[in-house]
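Geometric and topological summary
Here's the letter readout for the chains.
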Amino acid sequence: MTNTDQRKRPLIFGEVLFDIFPDGSEVLGGAPFNLAWHLHAYGQAPLLVSRVGNDALGRSIRASMQSREMDTRGLQMDSAHPTGVVRIELENDEPRFHILPDQAYDFIDATALPPGGASPLLYHGTLALRNAVSRRSLETLKGDMAAVFLDVNLRDPWWERSLVLELLRDARWIKLNEAELEALAPAGEDQDIRAQALRESSGAEVLFVTRGGKGALAVTASGQVATVEPGPAISVVDTVGAGDAFASVLVLGLLRDWELETILERAQAFASAIVGIRGATTSDEAFYEPFLKRWSLA
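Residues numbered from 1 in each chain as written. Predicted model: local features only at pLDDT ≥ 70, side-chain atom pairs only at ≥ 80, totals over all residues. Heavy atoms only, no water.

1. Thoughts on the packing of helix α7 (residues 242–255) against helix α8 (residues 260–274)
For clarity, the threshold we go by: Axis lines are fitted through C-alpha atoms, for helices just across the contact stretch, and the angle between N-to-C directions can take any value from 0 to 180 degrees. Runs of E in the DSSP output that reach at least two residues are strands. Runs of H or I that reach at least four are helices, and both are numbered from the N terminus. Should an angle fall under 35 degrees it is taken as roughly parallel, and over 145 as roughly antiparallel, whereas 65 to 115 is taken as roughly perpendicular and any remaining angle as oblique. Throughout, a crossing is termed right-handed when the near helix is turned clockwise from the far one, and left-handed when it is turned anticlockwise from it by less than a right angle. In this analysis, two residues are considered to be in contact whenever any of their non-hydrogen atoms come within 4.5 Å of each other. Side-chain classes follow a simple rule in which Ala, Val, Leu, Ile, Met, Phe, Trp, Tyr, Cys and Pro form the nonpolar group, Asp, Glu, Lys and Arg form the charged group, and the remainder, Gly included, forms the polar group.
Two elements in contact, α7 and α8, have axes whose closest approach is 8 Å; the angle formed by their N-to-C orientations is 150°. Our classification of the angle between α7 and α8 gives roughly antiparallel. For the pair α7 and α8, the sense of crossing is right-handed. Taken together, the residues of α8 that come into contact with α7 (itself represented by Ala-242, Ala-245, Phe-246, Ser-248, Val-249, Leu-250, Gly-253 and Leu-254) are Ile-263, Leu-264, Arg-266, Ala-267, Gln-268, Phe-270, Ala-271 and Ile-274. Tallied by class, the residues present in the contact of α7 with α8 amount to 12 nonpolar, three polar and one charged.

Spelled out as structure tokens, the structure:
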């Protein structure tokens, strides 16, 4: 484990699962896991709080984390429910997700949470909160924490608008994509105005919107609007995990107090690199080296 200042150590809550592709290949994933994996590669020593089945897939997840010297104290083992699985279909390079019910990550146990401690940021998504058991555990972790990063991931039929809007009001930072903005923001035609209206109604400090091939934008409580566009000639293998890669650098930048424009530019650069590989993560440490050097993290 890196010698990261523990005051800078983020807490990551939510699902860890396997993405099953049409060719039968199995790729370890889940937005919170993907983000924790990337943050670990960037030297942030995240603590992932999740739950996997006491089965072959679950044990392989623990082994994968241990092989990378990631902290596994927050990874619960479940003998009653299986390790999460998502079946992915690709249509025009865009993923479609078939998410199974009653997976281990739906039952993250509040009585088995790792010991608490000071953390500058709590990250969570929305998928693992479809079940009341995991929702109670998240509320336990939130406690008095003001610095919550909400990564919206709406997956039909596993979300309720009223619950997501409630979660938005607890978040200091929010990240979502264009379709999610369309589903949650007040009506209107101008995307910037709708994003600002959603940010204002939630009370968030910053709201980030990823826009696929058009890049991303951010709106702030001070009225600032910042945008970023992808670089030219991006080679796309698949887009699974691009949003998670983007979010990981948002969190990294917030932890390291980068300027907003710098955060967006670096998040876009990393997401553009991720779409050039199969799956949302990689065990190849060389993949991260250019970013570590360019961002003075090495």
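2. Thoughts on unusual backbone geometry
Definition in use: Think of it in three bands: residues with accessible area under 20% of the maximum for their type are buried, residues over 50% are exposed, and the middle band is partly exposed, with areas taken using a 1.4 Å probe on protein chains only.
In this model, Asp-156 is joined to Pro-157 through a cis peptide bond whose omega is 0°. Tracing the chain through its elements places Pro-157 in the loop between β9 (148–151) and α4 (161–168). For Asp-257, which is not a glycine, the phi torsion comes out positive at approximately 60°. If you trace the backbone, Asp-257 turns up in the loop between α7 and α8. For Asp-257, a relative accessible area of 61% corresponds to the exposed category. We note that Ser-296 has phi near 60°; this positive angle belongs to a residue other than glycine.

3. As for the sheet that holds strand β3 (residues 26–29)
Put simply, the test is: Pairing between two strands is assigned when DSSP locates at least 2 bridges connecting them.
Spatial ordering of the open sheet is given by β3-β2-β6-β7, a layout of four strands whose pairing is mixed. Looking at which strands have only one partner, the edges of the open sheet turn out to be β3 and β7 (94–99). With strand direction ignored, the average angle separating the axes of adjacent strands in the sheet is 35°. Of the pairings in the sheet, the one linking strand β2 (residues 17–20) to β3 comprises four bridges and is antiparallel in character. Paired with Leu-17 across the bridge in β3 is Gly-29.

4. Section: the environment of Gln-103
Put simply, the test is: For this analysis, a polar contact is any N or O atom pair within 3.5 Å, provided that within protein one partner can donate a hydrogen and the other can accept it, and provided that sequence-adjacent residues contribute only side-chain to side-chain pairs.
With respect to the helices and strands, the residue Gln-103 is situated in the loop between β7 and β8 (122–124). Taking C-alpha positions, Gln-103 is 9.9 Å from Asn-131, a pair spaced 28 residues apart along the chain. Apart from residues no more than four positions distant in its own chain, Gln-103 is found in contact with His-81, Pro-82, Thr-83, Gly-84, Val-85 and Arg-130. Of the polar contacts made by the side chain of Gln-103, one reaches the backbone nitrogen of Val-85; its length is 2.9 Å. A polar atom in the side chain of Gln-103 sits 2.8 Å from the backbone oxygen of Pro-101.

5. What to know about the side chain of Asp-71
If you trace the backbone, Asp-71 turns up in the loop between α2 (56–67) and β5 (75–78). Within the local environment of Asp-71, its side chain forms a polar contact with the side chain of Arg-9, the two groups lying 2.7 Å apart. For Asp-71, the side chain forms a polar contact with the main-chain nitrogen of Arg-73, separated by 2.9 Å.

6. Examining the nonpolar core
General note: in soluble globular proteins, nonpolar side chains tend to be found buried as a group. For the record, the criterion: Here, nonpolar core refers to any group of buried Ala, Val, Leu, Ile, Met, Phe, Trp, Tyr and Cys residues whose side-chain atoms link them within 4.5 Å.
Grouped together as the largest cluster of nonpolar side chains are 55 residues, with contacts concentrated most on Tyr-42, Phe-270 and Trp-295. The element contributing the most residues to this core is α7, with nine residues. Excluding residues within four positions of it along the chain, Trp-295 makes contact with Tyr-42, Val-249, Leu-252, Trp-258, Arg-266 and Phe-270. If you look at the next biggest cluster of nonpolar residues, it comprises 29 residues, including Val-49, Leu-129, Val-152 and Ala-204.

7. Description of the pattern of salt bridges
Selection criterion: The salt bridge criterion pairs a side-chain nitrogen of Lys or Arg with a carboxyl oxygen of Asp or Glu, the two atoms within 4 Å.
Across all of its chains, the model carries 11 salt bridges by this definition. When the shortest N-O distance is used, the salt bridge between Arg-130 and Asp-106 registers 2.6 Å. A residue pair is termed long-range when its members are at least 10 positions apart, and Arg-130 in the loop between β8 and α3 (132–142) and Asp-106 in the loop between β7 and β8 qualify at 24 residues. Side by side, Arg-130 and Asp-106 carry an identical accessibility label, which is buried. Across the salt bridge formed by Lys-142 and Asp-170, the nearest N and O atoms sit 2.9 Å from each other. Residue Lys-142 is located in helix α3, and its partner Asp-170 is located in the loop between α4 and β10 (173–177); the two are separated by 28 residues in the primary sequence. With a relative accessible area of 6%, Lys-142 lands in the buried category. Taken together, the shared-partner salt bridges connect Arg-9, Asp-71 and Arg-73 into one network.

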